[in-house]
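# Structural overview for review
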Amino acid sequence: VIFPQLKRDLLKLTTVDLIELEERKSLIKLSLQPHNFKNTKVIGKIMISDYPIKPKKRLIVVVAFVTGLILSIFLVFFMEFIRGAKEEDAKSSN
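Residues numbered from 1 in each chain as written. Predicted model: local features only at pLDDT ≥ 70, side-chain atom pairs only at ≥ 80, totals over all residues. Heavy atoms only, no water.

### Considerations on the overall build of the protein chain
Put simply, the rule is: Numbering of helices and strands starts at the N terminus; helices are DSSP runs of H or I of at least 4 residues and strands are runs of E of at least 2. Here the radius of gyration uses the C-alpha set of atoms, whereas the globule reference equals 2.2 Å times the residue count to the power 0.38. The rule is simple: take the accessible area with a 1.4 Å probe, protein chains only, and divide by the maximum for that residue type; under 20% is buried, over 50% is exposed, in between is partly exposed. With residues, only the protein chains shown are counted as cover, and all accessible areas are computed by Shrake-Rupley using a 1.4 Å probe.
Broken down by element type, the protein chain carries three helices and zero strands. Going from the N terminus to the C terminus, the protein chain shows its helices and strands as α-α-α. Taking 12 Å as the expected radius of gyration for a compact globule of 94 residues, we find that the protein chain reaches 39 Å, considerably beyond that expectation. Its C-alpha atoms put the protein chain at 105 × 65 × 10 Å along the principal axes. With 94 residues in all, the protein chain has 0% of them scored as buried. Put simply, the protein chain shows about 10200 Å² of open surface, and 69% of that area lies on carbon and sulfur atoms.

Structural data, given as structure tokens:
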């Protein structure tokens, strides 16, 4: 009665468990290869500029002014459109 159980356990060990352990072993081997754990490398020297780039303050101010001007004109036209629509609505309801 004990021998069939032992045979099943031996068969399971040799087929299922052994295959799983071999797969885990191969995965660990793959993960230990150099291209998997070495993720950074210095390619060349660091370039430092003698004259660093500064933000162009005049350009930023001019672009902000022009954008503000265009948006304010659009806002005035939109407000006039709304006011005209209200007046037209009031005339049609009378």
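### Examining the environment of Asp50
Among the structural elements, Asp50 can be located in the loop between helix 2 (34–37) and helix 3 (57–93). Each C-alpha atom, one on Asp50 and one on Glu20, is 60 Å from the other, the two residues being 30 residues apart in sequence.

### Side note on helix 1 (residues 2–31)
The condition that has to hold: For a helix, the expected span equals 1.5 Å multiplied by the residue count minus one. One fitted axis covers the seven residues ending at a residue, a second covers the seven starting there, and the bend at that residue is the angle between these axes.
Between its first and last C-alpha, helix 1 extends 42 Å over 30 residues, near the 44 Å set by a 1.5 Å rise per residue. Along helix 1, the helix axis deviates most sharply at Leu13, where the bend reaches about 35 degrees.

### A word on the pattern of salt bridges
Note the cut-off: A side-chain nitrogen of Lys or Arg and a carboxyl oxygen of Asp or Glu constitute a salt bridge if their distance falls within 4 Å.
Summed over the entire model, instances satisfying the criterion amount to one salt bridge. Arg83 is paired through a salt bridge with Glu80; the nearest N and O atoms lie 3.3 Å apart. Note that Arg83 and Glu80 are positioned in helix 3 at a spacing of three residues, about one turn of the helix.

### Quick look at the confidence of the model for the protein chain
We count it as follows: pLDDT gives the predictor's per-residue confidence on a scale running from 0 to 100.
In the predicted model, the protein chain carries a mean pLDDT of 86, and the fraction of residues at 70 or more is 94%. Across the protein chain, helix 3 holds the top mean pLDDT of 94, while helix 2 sits lowest at 70.

### Some points on a nonpolar patch on the surface
Stated formally: What makes a patch is a set of residues exposed beyond 30% relative accessible area and free of salt bridges, joined within 9 Å when like-charged and within 5 Å when nonpolar (Val, Leu, Ile, Met, Phe, Trp, Tyr).
Together, Val62, Phe65, Val66, Leu69, Ile70, Ile73 and Phe77 line one region of the surface with nonpolar side chains, adding up to about 710 Å² of accessible area. On the secondary structure map, Val62 appears in helix 3.

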